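Residue-level listing of the chains:
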Amino acid sequence: MIKEKYYKLFAFLSFILLTGTVFAQTRIVKGNVKDENGQPLELVSVSEVGGNHQALTEKNGDFSIEVAPDSKFLQFVYTGKKNVVKAFEAGKPLNIQMVSTDSKLNDVVVIGYGTQKRGDLNAAASSISAKDIENLPNASIDQMMQGKAAGVTITQNSGQPGSNTSVHIRGITSFNGSEPLYVIDGVEMTGAQGGEQQTTPGSSQQETGVSPLAMLNPNDIESIDILKDAAATAIYGSRGSNGVVFITTKHGRGSAVVSYDGFVGAQKQGKLLDVMNLQQYAQFESDLARAFGMQPRTEFSNPSALGKGTDWQKAIFNTALETSHNISVSGNANKTDYYLSGGYFDQDGTVTGFNFKRYTFRANLNSQVTDWLKMGGTFGGMRSNQDIGMGDNTGVIYYALLTPPDQPVYNADGTFAGPSVSSDGTVLGGLNPVQQALAKTNNLVRNQVNGSVYAEIKFLKGLSLRSELNGDFHWSDNLTFNPTYSYGLTGTDPSKWQSNQTATMARRTSNSTYWSWKEILNYNQSWGKHSLNAMAGHETWYSYYDQLGFSGTGFVAGNDLKSIALATEQNPATESNSTSTMESFLARAIYSYDNKYSLTANIRRDKSSNFAEGYNVAYFPGVAASWKISNEPFFQKAKTVVDNFKLRLSYGTTGNSSIPAYAYGATLHTVQTWQGVGFVASNVPNLKLQWETAIQSNLGIDFGILNERLSGSADFYIKTSKDFLFHQPLPAFLVGGPNDYDDQTSVVSSPYVNAGNIRNTGFEFTINSRNITNDKFQWNTTLTFSRYKNKVMSLNGAPAIVQSKSLAYITLADITRTIVGQPVGEFYGYKVKGLVQTEDDLKWLAQHPQNVTGTPQTVTSDRTNANHIWYGDIMYEGNNDGAQNTKYALGSPNPDFTYGLTNTFDYKNWELNVFVYGSQGGKILNALAIQLQGLNSMYQNQLASAANYWTAENTQTSIPAPYGGLGNPNVVMSDRWLESASFLRIQNVRLGYNLPDKIAKKLALKNLKLYLSGQNLFVITGYSGLDPEIGSYNQDPTLQNIDLGRYPSPRVFTFGINAQF
Amino acid sequence: MSGIILTGCSKSFFDRVPGTSVTTGSYYQTDAQLMAATAPLYGTPWFGFNNKCGWAMTEITGGNMRTWSSDISMFGSLPVSNANTEERTLWNSPFTVVAQCNALINNIANANTSGVTPSALSNALGEAHLMRGVAYFYLVRTFGNVPLIENTSDFLGNFDSVPTRSIPDVYKFIVRDLKFAEANCTANVAATGHGSSGSASAMLAKVYLYMQNYDSARIEAEKVINSGEFALMDNFGDLFRGNNNNNKESILAMQWISNAGYDYGNSIQASWAYSNAITQTGDGYGSAAPTIDLVRAFEKEGGDTVRRHYTIMLPGEHYAELNANNGGFTLPLAASSQGTQAQAKKYVIGGPNDPDNSLYGTAAQAGGNNTYIMRYADVLLIEAEAILGQQAKPAAGKGIDTLASTSDATAVKYYNMVRKRAGAGQVKSFTYRDLLNERRLEFALEMDYWFDLGRVDGFNATTTSNGVQTAPHPVGRALIAQQERGTYANAYPDKSVLYSSKITVADNEFYFLVPANETTSDPKLLQSPVPYDFTW
């Protein structure tokens, strides 16, 4: 509303200024102006090119202008729209469509508890408009933001439909929730959410968490504003330290419009790994058996006589459908605007067993009831239904890669086949991944209702009070079911089949309630060259979470009836809940002088229930200043070239309190015992726990050159996270430790501590360029660039933070390390020198046995060690200090920089959009390769390249000979498993066609656009795995870029329609 | 509205104790609450130890079992990497018990226990000390010198510089804990599953035996024998029936339940049972099986068929109690899951519908049968060995000579009691070698043998400057070197082709390495032990 008023005023003013007196002989040109949505535009200034005549359009968009006899062109100017110059022909009506300009200066940016024009902004902020993300086939908005905003590093943690995404604004500043705060129409929600999804039965890894944003229908979004510097985010105080993302949903404008947006797409896995076929596998298994002192299998004695065997990747990857339908009605009448929408989204997984469905509706309403009272509200309802076949990390993909090719998918009779069984009863393989993916259930249904109501009262000129009540209510239900089954290769002993005689089921329901209440007093005043916007407010919020779990075994009634009531044995129920509350006072003043200098100061005081009395109150101040140099008199000469140049400077502090409720206190939890429920200590308390504080300085410029032909902004920042909250891992001898499958029912949980300081320094820019703009052809380019360097400044004297990750049967001990002076979650391990090859090597190793497994490896004369990996160490380099082999920092998972390049081409009714996203630098730990190239287990398939292992005849190789068992020196954490994470992805190419108005009208449409889109078309990368974009393991910053066989992002082709009636 | 704004939120608005968790400040206030706080010390914290690593070490490293299973096969060949998951669990699981015992002891000290009867209070403290002592007993036998922790909170800021304590110090600590337990635990309650004062005495007897303090071992063993709290079960096979949890022979046991899933049940059967035809729950992988050496050890005993039958299944052998509703289970002739033509029977209890499991049930990966920490037969053999030790008087730092023999009436009586129940012949005297063999056969697959092999060379701890135990183990090494850990090339009954496999164990391999992630957190664990301050 405010936006439009400004436009109108601006247009009117320019009209007055430009109008001159006309005396020449004239003729009249008539016509009509509409916007890109077919809505009439009022108050567009129409002027004669090379003449003096002026006119304004009417409410219905019609205009009528006198022109000089020699005039040929009319210019149309409207703030917020691109200028149009069009030739006219006498007597013919001239119909003009004006599209939104790329000049963002007048766009309104949401800054939290208010809005500001981008041109006036003192803070570092990025904005993404609905247009930037329209017609993308992603399920959730966080994925769509990738590469669209500078300073925001987004990695998809999984290609699994509905899974979460890592969003890091200006690097990683915390161990505990590095995800930003999302504010949807004023309702805050946190980006770090997980735990609702249980682990699929039989999977050894936790599932990739679900995305809270996957509940939001992207079609409903009008704009996204991302606040990056602390001066801006300080107004969110204790929750703003990772940046704030505002999502504004659509509101009605102009006369009623009914819109339909829909697409249908096909998804396909782009890349498959080259694993051994049956012939290669047979040869390899025989060699392996000999190496392990076992008898080779007779059926493999002549590999060339065998076929190619089963291609398990082909068996589990499918071409999958994706559809989306969205319909909305919006408009503005009688001082009331409305927006109603309903959406349906259905995405099948490219991997067997995965699916994501979402149903949404939304109603937004605002009404200027009287001159002094405005009321409104938003209401959204969502439901999603998500199926996970057999787990994500080390799930179905992992099993498919390892399942031997001699194992068929099906028996001749159509039943599932299993591995063959040797005469001594050894099962020569494992589970059938296709059967597992189809048989196992892991279904998550989520329901969410959220909304807000507000009333805004204008007391005096410039003084208003806004009272707002927000709520968010969430229920989810997760069901896992492992049915009974028994299948095997026809002819083998059924007692050796893959079977499960007892079905198990686990059901977990959770619900959460969030409400907040805000009172915001606003004061706006200008006098002379001074203008002031002041705001003071009070806010309280309350959040409650409860989770109930039921499980049972033995479903004698069958596998189809998945009801806990039918379990022959019901396990004790589990429940957990928590409550967090906060009360805040906030204030902000923005003062500007002469449209040149501007100063923002804000402060927030938070009191949180997450900390103990005495440590639970904190203040978060922020200041920012800007100087519009281009408005200075001395700049006027340069202004013919540079029309906007602004300098921004800011400093502020924000906080982070995202730890579990009552994490500071000591609690007990229940465990089951033979005498019923028992109680054990849950955690080590820390009553002195306090906020994590982020201190950030920012220097930025905004510029516009040649009438905004080239515009953009650049920012440099230093962000230090002080006293970061950390769930300090303690050695097992103090608190106990997880057992072999990471279960830890009675480990005493380590305390949360304020652990140290992390600093991020970064540089980011956005450049918008209108390369070609004429009435027929437009070419625009946007480049975003983000770079940050992450460094741990202090760990408060504590030793390194070391993370291990187990991958089914392999534990990678100490894979990442976080120490002072280095980035968070840096890879850590041995450096490979090569293979032990020569007699000299052997001799040297006999005297200096290498020790990478905790036991020195003795070198014997039979060369059993001769073909092993040789880890370089300090001793070898000449520093014979008697030390064991040395571990090194092996590189950071963080990229050096990420970038997004968007090119849009408009030619008449056609438009082409090409989006390229890239990430440069950083390392990936290819943990999957440890299994696929480990050569240490029988009956597992391996990469075809692994066949090139060392033998006495084949010495020119980097792959060591087979070594039985785990914990062998060849598979310890080393740079052998690290690969470059750089990639360039043709993320999206979209060709659209706007039906000409005439035809559209005949079809009773205001507008119709058809488009074809290709997502994830092509990736340039040196990474040998399925997908170089790995993300972090459940948003844990110390476990980034570890490929555990994660679900890769598919290639998607879609055909879609945008229609307006 | 603004009135509410200005006054702000009340204090209770910020006091958010979770509704489903109990805070330490509000607990330990009734006898029942104390009982519910000690019960977990016998269950889930031990799960990791019981699940795989415990028997991987004691049975596979000890030479009683073998496996091709890649996650534990290195336990059969040594060394086991300090990064190995099971090796880590060997450390983590008993230390989880220690952490919970410490939490209980320290929380009780700070709790308002005015409403608790004094006997319940002292019993709870006694049980916590008992289980801490037992956990450290496993730890010291597995790792040698380890850190001694009594209160986690003492080390939050300096966990990276906690030293280990010498083996004698750890034993001293265990003795102190067990004496406290003996004095404070309720007597005659072992049948409930909670450790009793008598359980502490029995554990003390065993600890003293390891310390070669034969006099004290006898005193404690006789205390147990004379108390009458425990007795041998009449039939050896009854010891391992699901329904016989906490029987009269059970002195101390890990208490498992079948209805709470993984982490709470006895998962041994899932790994050991030859096939799911036995377990009826989909598991039963036969992923470890008795070695040829163990089978031969029973064969040498000739008449020891009862005990062998309930320890080891041989091809063609019938077990009426397994899959009883379908006529019992017969081990297929082809059964040789680890190439030894033998499968495990102990702790293999059958399916959910078998009558033996009617009381405590069994489920996938979760048997309801207990795991013995100690049973009465052990006390009898400890008494026998202590008498032999008193007579043989081994030199300091040496074990009893394997040829040393006794015909002491008491010693022979107890020795014969164990043999008689096993179906083995009676003797008039026995050598130390006989006794060690008796212990091996009696407790095979019960997570004990590797510890016997480690102690036969006496209570002799020498620790190098990098924390490695290097005491000589000539007898232990010789016993291991003879063990046949190989496989048969052909199917039953053809034993003509044997792929023999024997290993030699170095002196420093009798103790396992401290897990790598622990030494990364605390490098002091790799240095010489530091004397412990025993003032209480």
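The preceding data block contains the structure.
Please read these numbers as outputs of a predicted model, since none were measured by experiment.

Participant: Outline the nonpolar core, supporting the account with residue identities and numerical values.
Facilitator: Residue and element names in this part refer to chain B. In this structure, Trp46, Phe75, Leu130, Met131, Tyr136, Trp272 and Trp450 are the most contacted members of the largest nonpolar core, which totals 164 residues. The biggest single contributor to this core is helix α6 (residues 118-143), with 14 residues. If we ignore the near neighbours within four places in the chain, the residues touching Trp46 are Leu41, Ser93, Val97, Met131, Val134, Ala135, Tyr138, Met254 and Trp256.

Participant: Account for a nonpolar patch on the surface, naming residues and giving values.
Facilitator: All names here are of chain A. A cluster of nonpolar side chains, namely Tyr597, Trp627, Phe634, Leu647, Leu649, Leu699, Phe716, Ile718 and Phe763, defines an oily patch on the protein surface of about 810 Å² accessible area. At the level of elements, β32 (642-656) and β36 (710-722) are the ones that each hand at least two residues to the nonpolar patch. A relative accessible area of 51% places Leu649 in the exposed class.

Participant: Residue-level account of the side chain of Ser45 of chain A, with values.
Facilitator: All names here are of chain A. Mapped onto the secondary structure, Ser45 falls in strand β2 (residues 45-48). Given the relative accessible area of 4%, Ser45 is considered buried. When sequence neighbours within four positions are dropped, the list of residues in contact with Ser45 reads Ala55, Leu56, Gln75, Phe76 and Val77.

Participant: Give me the interface of chain A and chain B: which residues, what numbers.
Facilitator: Each partner contributes residues to the interface: chain A has 86 residues there, and chain B has 93 residues. A combined buried area of about 7,700 Å² lies between chain A and chain B, and 59% of that area is made up of carbon and sulfur atoms. By the criterion of area lost to chain B, the three top residues of chain A are Leu668, Trp674 and Phe733 of chain A, representing 11% of everything that side buries. Where chain A touches chain B, the interface holds 0 salt bridges.

Participant: Please provide a residue-by-residue account of the sheet that holds strand β7 (residues 94-98) of chain A, values included.
Facilitator: In a beta sheet, neighbouring strands pair by backbone hydrogen bonds and run either parallel or antiparallel. Residues and elements named next belong to chain A. Strand order in the open sheet made by the 3 strands is β4-β1-β7, with mixed pairing throughout. The strands lining the two open edges of the sheet, one partner per strand, are β4 (62-67) and β7. Pairwise comparison of adjacent strand axes, ignoring direction, gives a mean angle of 35° for this sheet. Of the pairings in the sheet, the one linking strand β1 (residues 27-35) to β4 comprises 6 bridges and is antiparallel in character. Note that in β4 the partner of Gly31 across the bridge is Phe63.

Participant: So, a positive patch on the surface: which residues are in play, and what are the values?
Facilitator: All names here are of chain B. A cluster of like positive charges, contributed by Arg296, Lys300, Arg433, Lys495 and Lys502, occupies part of the molecular surface. For Lys300, the position within the fold is in helix α12 (residues 292-300). According to the relative accessible area criterion, Lys300 is exposed, its value standing at 78%.

Participant: Tell me about the pairing of strand β20 (residues 355-368) of chain A, and please be specific about residues and values.
Facilitator: Residues and elements named next belong to chain A. Across 13 bridges, strand β19 (residues 336-348) lies against β20 in antiparallel orientation. By the bridge assignment for β20, Tyr338 is matched with Leu365. If you look at the hairpin formed by β19 and β20, you'll find 6 residues sitting between the two strands, and Gly353 has a positive phi there, around 100°. Relative to strand β21 (residues 373-387), β20 is paired through 14 bridges, and the arrangement is antiparallel. The residue of β21 that forms the bridge with Arg362 is Gly380. Where β20 folds back onto β21 in an antiparallel hairpin, the turn is made up of 4 residues.

Participant: Residues and numbers for the packing of aromatic side chains, please.
Facilitator: Scanning the entire structure with this criterion turns up 60 aromatic pairs over all chains. Both rings, one in Tyr593 of chain A and one in Tyr597 of chain A, keep their centres 6.3 Å apart while their planes meet at 10°; by these two values the pair is stacked. Assessed through its relative accessible area of 29%, Tyr593 of chain A is described here as partly exposed. Residue Tyr597 of chain A is classed as partly exposed on the basis of its relative accessible area, which comes to 35%. Between Trp46 of chain B and Tyr138 of chain B, the ring centres sit 5.5 Å apart and the planes meet at 65°, which makes this aromatic pair edge-to-face. Separated by 92 residues along the polypeptide, Trp46 of chain B in the loop between α2 (31-38) and α3 (47-61) and Tyr138 of chain B in helix α6 bring together distant segments of the chain.

Participant: Please set out the packing of α3 of chain B against helix α5 (residues 85-110) of chain B residue by residue, giving values where relevant.
Facilitator: All names here are of chain B. Interhelical geometry of α3 versus α5 gives an angle of 130° and a closest axis separation of 9 Å. Relative to α5, α3 is oriented oblique. As α3 runs across α5, the sense of the crossing is left-handed. Counting all contacts with α3, which are made through Phe47, Gly48, Phe49, Lys52, Cys53, Gly54 and Met57, the residues of α5 involved are Glu86, Thr89, Leu90, Ser93 and Pro94. For the contact of α3 with α5, a count of residues per class yields 6 nonpolar, 4 polar and 2 charged.

Participant: Summarise helix α16 (residues 432-443) of chain B; cite the residues concerned and give the values.
Facilitator: All names here are of chain B. Under the 1.5 Å per step criterion, the end-to-end length of α16 is 16 Å for 12 residues, consistent within 8% with the ideal 16 Å. α16 sits mainly inside the fold: 9 of its 12 residues count as buried. Burial in α16 covers these residues: Tyr432, Leu435, Leu436, Glu438, Arg439, Arg440, Leu441, Glu442 and Phe443. Count one or two residues on from α16 and you reach Leu445, which has phi positive near 65°.

Participant: Tell me about the pattern of salt bridges, and name the residues and values.
Facilitator: With the rule as written, the count across this model stands at 58 salt bridges over all chains. Close ionic contact of Arg466 of chain A with Glu456 of chain A constitutes a salt bridge, the shortest N to O distance being 3.0 Å. Here Arg466 of chain A, found in strand β23 (residues 463-482), pairs with Glu456 of chain A, found in strand β22 (residues 441-460); they are 10 residues apart in sequence, far enough to count as distant. A residue is classified by how much of its surface remains accessible, and Arg466 of chain A, at 26% relative accessible area, is partly exposed. Look at Glu456 of chain A and you get partly exposed, because its relative accessible area is 26%. Ionic pairing is found between Lys722 of chain A and Asp723 of chain A, a salt bridge with its closest N-O pair at 3.9 Å. In this structure, a network of salt bridges that share partners links the residues Glu249, Glu301, Arg307, Lys346, Arg375, Arg419, Arg421, Glu438, Glu442 and Glu446 of chain B.

Participant: Please give an account of the packing of helix α8 (residues 197-210) of chain B against helix α9 (residues 214-227) of chain B that cites residues and values.
Facilitator: All names here are of chain B. Closest axis-to-axis distance for the α8/α9 pair is 8 Å, and the angle between their directions is 155°. Accordingly, the angle class assigned to the pair α8 and α9 is roughly antiparallel. Crossing geometry of α8 relative to α9 is assigned as left-handed. Seen from α8, the contacting residues are Gly198, Ser201, Ala202, Leu204, Ala205, Tyr208 and Leu209; seen from α9, they are Tyr214, Ser216, Ala217, Glu220, Ala221, Lys223 and Val224. Class assignment for the residues of the contact of α8 with α9 results in 9 nonpolar, 3 polar and 2 charged.

Participant: Before we move on, can you summarise unusual backbone geometry with the specific residues and values?
Facilitator: Residues and elements named next belong to chain B. Pro79 follows Leu78 through a cis peptide bond whose omega is 0°. Cis peptide bonds are those with omega within 30 degrees of zero, and the linkage from Tyr492 to Pro493 qualifies with 0°. Among the secondary structure elements, Pro493 is positioned in the loop between β14 (487-488) and β15 (498-499). Even without a glycine there, the phi angle at Tyr28 is positive, about 65°. Following the sequence through the fold, Tyr28 ends up in the loop between β1 (22-23) and α2. Residue class for Tyr28 comes out buried when judged on its relative accessible area of 2%. Backbone geometry places Leu78, a non-glycine residue, at a positive phi of 55°. On the secondary structure map, Leu78 appears in the loop between α4 (74-77) and α5. Leu78 gets classed as buried once you look at its relative accessible area, which sits at 12%.

Participant: Would you mind going over α3 of chain B in detail, with residue names and values included?
Facilitator: Think of an α-helix as turning once every 3.6 residues; residues three or four places apart then point the same way. Residues and elements named next belong to chain B. Between its first and last C-alpha atoms α3 spans 20 Å; for 15 residues at 1.5 Å apiece the expected length is 21 Å, and the two agree. The largest bend along α3 measures about 55° and falls at Cys53. Burial runs high along α3: 15 of the 15 residues are buried. Where α3 ends, the next residue or the one after it, Gly63, has phi of about 95°, a positive value.

Calculation rules
- Residues numbered from 1 in each chain as written.
- Chains lettered and ligands numbered in written order.
- Predicted model: local features only at pLDDT ≥ 70, side-chain atom pairs only at ≥ 80, totals over all residues.
- Heavy atoms only, no water.
- Core = buried A, V, L, I, M, F, W, Y, C linked by side-chain atoms within 4.5 Å.
- Buried < 20%, exposed > 50% of the residue type's maximum accessible area, 1.4 Å probe, protein only.
- Helix = DSSP H or I, 4+ residues; strand = E, 2+ residues; numbered from the N terminus.
- Contact = heavy atoms within 4.5 Å.
- Patch = residues over 30% accessible without salt bridge, like charges linked within 9 Å, V, L, I, M, F, W, Y side chains within 5 Å.
- Areas by Shrake-Rupley, 256 points an atom, 1.4 Å probe, with all protein chains shown as cover.
- Salt bridge = Lys/Arg side-chain N within 4 Å of Asp/Glu carboxyl O.
- Buried area = accessible area lost by both parts, 1.4 Å probe.
- Pairing = 2+ DSSP bridges.
- Axes fitted to C-alpha atoms, helices over the stretch in contact; angles between N-to-C directions.
- Lys, Arg positive; Asp, Glu negative; His and termini not counted.
- Charge placed at Lys NZ, Arg CZ, Asp CG, Glu CD.
- Phe/Tyr/Trp six-rings, centres within 6.5 Å; stacked < 30°, edge-to-face > 60°.
- Parallel < 35°, antiparallel > 145°, perpendicular 65-115°, else oblique.
- Left-handed = near helix turned anticlockwise from the far one by under 90°.
- Nonpolar A, V, L, I, M, F, W, Y, C, P; charged D, E, K, R; others polar.
- Expected span 1.5 Å × (residues − 1).
- Bend = angle between axes of the 7 residues up to and from the residue.

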